[in-house]
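Listed below are the residues making up each chain.
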Amino acid sequence: MAVLPQIQEDKWKSLRYFLGGIFFVLVLIEKSMGFDPKAAGNIFPKQGFRNLGKQTSIPKFAEPTDPFQTDGFEDDLNWEEEVFNHTYPPSSTKTQSKKIVDDTIPEITLPEDRFPGAGKRITAEPGYLPVYFLKFYGTGKNSQSQLVKLTREFPGGDPILFLFQELTKGPNTDEKTKGVLSALTKKVRLEPNYRLENGVLHLSVSEDLNYGGSIEILKDRLDQITFTYVGNFGIQGVVLYSNGERIRSLGSDGLSLPDVLAKSQRKVILF
C-alpha cells in the first residue's frame, strides 16, 4: 500500500514541472510581445495576453501607410498646382521708364542751321544765262538721265529768281519734243529772300522739293540747281533751307546732303 502514495507524489511533481514549463513559455511569449517586467500588480499586467487576441489599435511598429492613399494627398497636389499656376501681380518696386523728352521744351535750331535771312540782291544786265535740264538716254533698265545745258534769254534784273523760275517752268515745247525734261516742277517755289555770302548762295525753298521722287530723281533736282547757279555771279556753292531750317536730307530714304552743294563729276550734254 505504500506504493500508491509514491505514485501520486510523482504525478504531482510531473504536473508541477509541466505547469512550470508552461509558465516559462508564457513568460517568454510576454517578453517577445512587449511585456513590461517593471509593471506593478499582478504578475500578468493589464496589457498581458491581450496581444494574443484581436487588436483594435495599430501598434507602434506597424508598417507606414502608402502616402498616395492618404486623404490629404489630393489636397497637397491641389496646393502645388495652385502655386505653379498662380499669376502673381508685378512687383511694385519695378522701375518705370522715365520720359526722356519733355514736350514743354521747344526744339532749338542751331545758328548754323537757321536761314541767315535776306541779303543784298544781285542785279545783272540783260543777256543769256545757262540753265540745266535732263534727258534720258538708253532704254529699259539701261536708261540713265544726263544733264543737258540750255540757255535762256535774261531780260535783266535779279538773275537768282529768274533762273529758279526757268527751272520750275521746265523745257519749252520744242525741247520737250526732243526728250528734254525737268525734275523740278512748278510746285517747288523759291522764297524771294536769299543771301550770297562768301561765295555761298543760301536759298529757301518750299517743302515740295522733298516730295514725289526716287533718290535718283532727288539727285537730279539737286544737280539742276547746283549746275545752274555755281560758276555764275561769284557763286561757289549752294545751301538749301526750308521753313527756316537747313535741309540735311531729302526723301523717305533719307538722301543726305553735304554742308554745301557743289558741282558733281557728272557728264553734261550741250544741247
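Whatever comes next refers back to the structure up there.
The shown structure was predicted, so the numbers you read here are calculated from the model rather than taken from an experiment. Residue positions are counted from 1 within each chain, in the order its sequence is given. Restriction of local features to residues with pLDDT of at least 70 applies here, the model being predicted, together with a cutoff of 80 or more for giving and counting side-chain atom pairs; totals for whole chains, interfaces and linings are based on all residues. Hydrogens are left out, water is left out, and the side-chain values use all remaining heavy atoms of the structure.

(A) Geometry of the overall build of the protein chain. Secondary structure elements follow DSSP: runs of H or I of four or more residues count as helices, runs of E of two or more count as strands, with numbering from the N terminus. When helices and strands are counted, the protein chain shows five helices and 10 strands. Only protein chains enter the accessibility calculation, which uses a 1.4 Å probe. A residue is then buried if its area is under 20% of the maximum for its type, exposed if over 50%, and partly exposed in between. Scored against the burial criterion, the 271 residues of the protein chain give a buried share of 28%. The contact criterion used throughout is that any non-hydrogen atoms of two residues lie within 4.5 Å. Across the protein chain, the fraction of contacts at a sequence separation of at least 24, relative to all contacts at a separation of at least 6, is 63%. About 19,800 Å² of surface is accessible on the protein chain, with carbon and sulfur atoms providing 56% of the total. Note on areas: these come from Shrake-Rupley sampling with a 1.4 Å probe, and a residue is covered only by the protein chains present in the view.

(B) Spatial organisation of a nonpolar patch on the surface. Surface patches are defined over residues having more than 30% relative accessible area and no salt bridge, joining like charges when they lie within 9 Å and nonpolar side chains (Val, Leu, Ile, Met, Phe, Trp, Tyr) when within 5 Å. Counted as salt bridges are all cases of a side-chain nitrogen of Lys or Arg within 4 Å of a carboxyl oxygen of Asp or Glu. Taken together, the side chains of Leu15, Phe18, Leu19 and Ile22 present a nonpolar region at the surface, about 360 Å² in accessible area. Tracing the backbone through its elements, the reader meets Leu15 in helix H1 (residues 3-32). Take Leu15: its relative accessible area is 37%, and that puts it in the partly exposed class.

(C) Up close: helix H3 (residues 159-169). Counting buried residues in H3 gives eight out of 11 residues, a clear majority hidden from the surface. Within the sequence span of H3, burial applies to Pro159, Ile160, Phe162, Leu163, Phe164, Glu166, Leu167 and Thr168. Structurally, H3 contributes buried residues whose contacts are with strand S1 (127-137), strand S2 (144-154), strand S4 (190-197), strand S5 (200-205) and helix H5 (215-229). Between a side-chain oxygen at the N-terminus of H3 and the backbone nitrogen of Ile160 the separation is 3.0 Å; the capping residue is Asp158. Positioned one or two residues after H3, Gly170 has a phi angle of 85°, which is positive. Between N or O atoms, a polar contact is any pair within 3.5 Å; within protein, one atom must be a potential hydrogen donor and the other a potential acceptor, and residues adjacent in sequence are included only when both atoms are from side chains.

(D) Fine view of the packing of H3 against H5. Fitting a line to C-alpha atoms yields each axis, with helices limited to the stretch in contact; the angle taken between N-to-C directions then spans 0 to 180 degrees. In contact at an axis separation of 11 Å, H3 and H5 are set at 145° when each is read in the N-to-C sense. Considering only the axes of H3 and H5, their crossing is right-handed. Within the contact between the two elements, H3 uses Ile160, Leu163, Phe164 and Leu167 and H5 uses Gln224, Ile225, Thr228 and Tyr229. Here the contact of H3 with H5 is built from residues that sort into six nonpolar, two polar and no charged. Two helices cross in a left-handed way if the nearer one is turned anticlockwise from the farther one by less than a right angle. They cross in a right-handed way if the turn is clockwise. Just so you know the grouping, Ala, Val, Leu, Ile, Met, Phe, Trp, Tyr, Cys and Pro go in nonpolar, Asp, Glu, Lys and Arg go in charged, and all remaining residues, Gly too, go in polar.

(E) Representation of the pairing of S1 within the structure. What makes two strands pair is DSSP finding at least two bridges between them. Examined bridge by bridge, S1 and S2 share 11 bridges and lie antiparallel to one another. By the bridge assignment, Lys135 is partnered in S2 with Gln146. Strand direction decides the pairing type here: S1 and strand S3 (residues 180-181), joined by two bridges, are antiparallel. Within the sheet, the bridge partner assigned to Leu134 lies in S3 and is Leu181.

(F) Expanded view of the packing of aromatic side chains. Between rings of Phe, Tyr and Trp, where Trp is taken as its six-membered ring, a pair exists when centres lie within 6.5 Å; planes separated by under 30 degrees are stacked, by over 60 edge-to-face, and by other angles tilted. What the rule picks out here adds up to three aromatic pairs. Summarising the aromatic geometry, the rings of Tyr132 and Phe227 are spaced 5.6 Å apart at their centres and angled 55° between planes, so their arrangement reads as tilted. Here the residue Tyr132 occupies a position in strand S1, and Phe227 occupies one in helix H5, the gap between them amounting to 95 residues. Assessed through its relative accessible area of 6%, Phe227 is described here as buried. Seen from their ring centres, Phe154 and Phe162 are 5.0 Å apart, and the 55° between their planes marks the pair as tilted. Here Phe154 matches Phe162 in class, with each residue buried.

(G) Looking closely at the sheet that holds strand S10 (residues 268-270). The mixed open sheet is built from four strands, whose spatial order is S3-S1-S2-S10. Sheet topology places S3 and S10 at the edges, where each strand pairs with a single neighbour. Judged from the three bridges that link them, S2 and S10 form a sheet pairing that is parallel. Within S10, the residue paired with Val148 across the bridge is Ile269.

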